[in-house]
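Take a look at the letters that make up each chain.
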Amino acid sequence: MTSSPLRTRRRAPFAVAAALLALFAVFGPASPVSAHDQLVSTDPAADAVLTALPAEITLSFSAELLGDGASNVVEVTDAAGTSLIEGTAVVDGVTVTQALTGTASGAISVIWRVVSSDGHPISGEFAFTVDAPAPPTSAPTETTAPETTAPETPEPTMTTMTPPETDEPTTTTAPDSEASASNPLPWIIGVVVVLAVIGVVLYLLVLRPRGRNGGGSTGDRPTTDD
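Note that the coordinates shown come from a computational prediction; the quantities given were computed from them, not determined experimentally. (Residues numbered from 1 in each chain as written. Predicted model: local features only at pLDDT ≥ 70, side-chain atom pairs only at ≥ 80, totals over all residues. Heavy atoms only, no water.)

A. Looking closely at the overall build of the protein. Secondary structure summary: the protein contains four helices and eight strands in total. From first element to last, N terminus to C terminus, the protein shows the α and β order α-α-β-β-β-β-β-β-β-β-α-α. Residues classed as buried in the protein amount to 16% of the 226 residues present. Sequence-distant contacts, at least 24 apart, represent 58% of the contacts inside the protein between residues at least 6 apart. Carbon and sulfur atoms form 61% of the exposed surface of the protein, whose accessible area is close to 18100 Å². (Helix = DSSP H or I, 4+ residues; strand = E, 2+ residues; numbered from the N terminus. Buried < 20%, exposed > 50% of the residue type's maximum accessible area, 1.4 Å probe, protein only. Contact = heavy atoms within 4.5 Å. Areas by Shrake-Rupley, 256 points an atom, 1.4 Å probe, with all protein chains shown as cover.)

B. Structural context of the sheet that holds strand β3 (residues 56–61). Read across the open sheet, the four strands follow the order β1-β3-β6-β5; overall the sheet is antiparallel. If you trace the sheet from one side to the other, it starts and ends with β1 (39–43) and β5 (90–92), each paired once. Averaged over all pairs of adjacent strands, the angle between their axes in this sheet comes to 20 degrees, without regard to strand direction. (Pairing = 2+ DSSP bridges. Axes fitted to C-alpha atoms, helices over the stretch in contact; angles between N-to-C directions.)

C. The arrangement of the packing of aromatic side chains in detail. The full count for this structure, using the stated rule, is one aromatic pair. Measuring from ring centre to ring centre gives 5.2 Å for Phe61 and Trp112, while their planes differ by 70 degrees; the resulting arrangement is edge-to-face. Taken together, the residues Phe61 in strand β3 and Trp112 in strand β7 (residues 106–115) connect sequence positions 51 residues apart. Each member of the pair, Phe61 as well as Trp112, carries the same accessibility label: buried. (Phe/Tyr/Trp six-rings, centres within 6.5 Å; stacked < 30°, edge-to-face > 60°.)

D. The arrangement of the environment of Glu64 in detail. Structurally, the position occupied by Glu64 is in the loop between β3 and β4 (73–77). A residue is classified by how much of its surface remains accessible, and Glu64, at 54% relative accessible area, is exposed. Residues contacting Glu64, with those up to four places away along its chain left out, are Asp37, Gly93, Val94, Ser116 and Ser117.

E. Local environment of the sheet that holds β7. Taken in spatial order, the four strands make up an open sheet running β2-β8-β7-β4, and their pairing is mixed. The open sheet is flanked by β2 (49–50) and β4, the only strands paired with a single partner. Across two bridges, the pairing between β2 and strand β8 (residues 121–130) is parallel. Of the residues in β8, the one forming a bridge with Val49 is Thr129.

F. Examining the pairing of β8 more closely. Pairing of β7 with β8 involves ten bridges; the strand directions are antiparallel. Across the sheet, Val115 pairs through a bridge with Pro121, a residue of β8. In sequence, β7 turns back onto β8 through a hairpin of five residues, with Gly119 there showing a positive phi of about 90 degrees.

G. Spatial organisation of the side chain of Ser116. Position of Ser116 relative to the elements: it lies in the loop between β7 and β8. At a separation of 2.2 Å, a polar atom in the side chain of Ser116 contacts the side chain of Asp118. (Polar contact = N/O pair within 3.5 Å; in protein donor to acceptor, adjacent residues only side chain to side chain.)

Any functional reading would require information that these geometric values do not contain.
This is the structure we're talking about:
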């Protein structure tokens with residue numbers, strides 16, 4: 001059985017209406033949500049690894065936010081759940097800034113809740129890591145043993161040996177007795193003189209008397225006259 005063209009024309013409006021209803025069912029509920037502002041960027045970025053906790057955290061959105069710091073809240077905690085915020089968040093157009101304080105290491109959690117430009121609150125969260133470098137440890141200083149060097153042997157130096165100064169002999173005049181004792185010449189002369197004296201005495205006592213006696217006998221003889 002084939003449908004007539006008239007029946008087909010009657011069904012066409014119903015098919016169009018059903019298609020529109022299907023499109024509204026799919027995209028209709030999403031349209032209000034798509035009108036809310038969205039988080040565009042953060043500083044520090046999500047999943048960033050820092051060497052120290054920053055002084056503040058900044059969130060940027062796609063449109064200007066409504067309300068003040070009481071309506072726009074940014075919570076920052078460390079791994080132990082300790083709050084790291086200082087004061088309230090500051091809203092400036094499309095950005096909200098939250099000051100931080102203290103020191104932390106490890107995973108840092110950020111939870112935010114703001115009022116978008118259409119008056120609806122939106123929220124979200126992200127995290128980054130603070131990996132503080134370990135404090136430098138002083139390495140043990142190597143003690144270098146003192147180098148033992150052989151004592152240097154002094155090179156022999158040519159020194160001129162000067163004979164010790166000797167006092168010049170001084171001539172001392174000994175007494176005459178000592179000079180005569182040390183000099184044998186006076187003794188020899190004395191012996192010669194003594195021998196000469198002895199000879200003269202012997203001559204006078206012995207030889208000369210004999211001569212006299214002989215001469216006397218000759219002289220006493222009487223001369224005879226012719």
